[in-house]
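Architecture at a glance
Okay, here's what each chain looks like letter by letter:
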Amino acid sequence: MTLTPIELLRKNAPAIRPVISLSEGSDPRVVAGALAAHKVDLADIILIGPQADVEAALSNHGAAPSKGVAVHDPATSDLTEEFAQTFFELRQHKGVDQDKARAAVETPPVYAAMLVRSGRATGTVGGAVYTTGDIVRAAIQVIGMAPDAGMVSSFFLMYPPENAQPGARAMLYSDCGLVINPTATELSKIAIASAASARALLQVDPKIAMLSFSTKGSAKHPDVDKVIEATEALRQGAPELQVDGELQFDAAFVPSVGDRKSPGSSVAGQANVMIFPNLDAGNIGYKITQRLGGYSAIGPVLQGLAQPANDLSRGCSAEDVTQMIAVTALQANGT
């Protein structure tokens, strides 16, 4: 049985306790999820926002600032001047002056990312209130991309319900939250990053399905050609990975269909990494799996950054926040 991020983190506790910065420190869901994470020793927490608002939110949950649950107000923090100077140095080539840099780091997503860049936090989580654009922009501008990534993308971890049908399994879906219409080259990069994420967070040997509305030439269209090209690029760029494409979802997921439509494949019917051809397909696909299939969806999780920064859905629950804290801590630990 595949362990959830919380279970995996508790099983493989890092030697150095992770510290996660949360940019929406007064949101009730964020506070509840953060306190739950701290209570079960997943991480120490930094809640970011106006001091009085965050302390009031903590008080509503019967808590107060402590050694393991700190509160940072960017408007009054002793770190803001340091962060403003760093942001200015990072962004002055884009026309950012000292005043704009100071204003930027007083926004919680940028301040939270600065905590990570400066080593005061091991990862950051936001998006319960701020948009995906706000969270991703702050992460790219402040934390930056990993040297070998080439791009930032996202994924969802999909966990089957307890009463799932035979053959149900934990899977990684990408990209369902960020890259709208990736090129063939970008699809191959998303697949490579997703394979590494599946290995780390699902603890599985990745079997990658490059999804399409066609299986092995059953349809002809430029959109199909893109997936075929991406599959070939992936095979050439990462020959050690198990990949098949182009595959329809049933050929990727159902063993009997995979055997019929792609005989001899080590991936068809057994895929655990599903690469969608565009954001329409990915976003719709994960929500159908979640709402009709009863799967639990954790994400969107970002990949391709130099250090962990993750986005929450604005419809997230406190439990979602706790799970994302665990995911972020696992990414920081390199599990």
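Presented here is an overview of the structure given in this document. On a predicted model such as this, the values are computed, not experimentally measured, just so you know. (Residues numbered from 1 in each chain as written. Predicted model: local features only at pLDDT ≥ 70, side-chain atom pairs only at ≥ 80, totals over all residues. Heavy atoms only, no water.)

1. Remarks on the sheet that holds strand 5 (residues 153-159)
Spatially, 8-7-9-6-5-10 is the arrangement adopted by the six strands of the open sheet, whose pairing is mixed. Sheet topology places strand 8 (242-247) and strand 10 (296-303) at the edges, where each strand pairs with a single neighbour. Sheet twist, expressed as the average angle between the axes of neighbouring strands with direction ignored, equals 20°. Pairing geometry for strand 5 and strand 6 (residues 171-174), over four bridges, is antiparallel. Considered in strand 6, the bridge of M158 is made with M171. In this fold helix 9 (residues 222-237) packs onto strand 7 (207-211) and strand 8, with an angle of close to 170° to the strand it touches most, strand 8. (Pairing = 2+ DSSP bridges. Helix = DSSP H or I, 4+ residues; strand = E, 2+ residues; numbered from the N terminus. Axes fitted to C-alpha atoms, helices over the stretch in contact; angles between N-to-C directions. Contact = heavy atoms within 4.5 Å.)

2. Considerations on the pairing of strand 5
Burial within strand 5 is extensive, with seven of its seven residues counted as buried. Here strand 5 shows two buried faces, one formed by S153, F155, L157 and Y159 and the other by S154, F156 and M158. Both strand 5 and strand 10 contribute to a ladder of six bridges, which runs antiparallel. Note that in strand 10 the partner of S153 across the bridge is Q303. (Buried < 20%, exposed > 50% of the residue type's maximum accessible area, 1.4 Å probe, protein only.)

3. Description of the packing of aromatic side chains
Scanning the entire structure with this criterion turns up five aromatic pairs. Seen in terms of ring centroids, Y173 and F249 are 6.4 Å apart; in terms of plane orientation they differ by 75°. Their pairing is edge-to-face. Of this pair, Y173 sits in strand 6 while F249 is found in helix 10 (residues 249-253), placing the two residues 76 residues apart along the sequence. Of the residues examined, Y173 reaches a relative accessible area of 0% and is grouped as buried. A relative accessible area of 32% means that F249 is categorised as partly exposed. (Phe/Tyr/Trp six-rings, centres within 6.5 Å; stacked < 30°, edge-to-face > 60°.)

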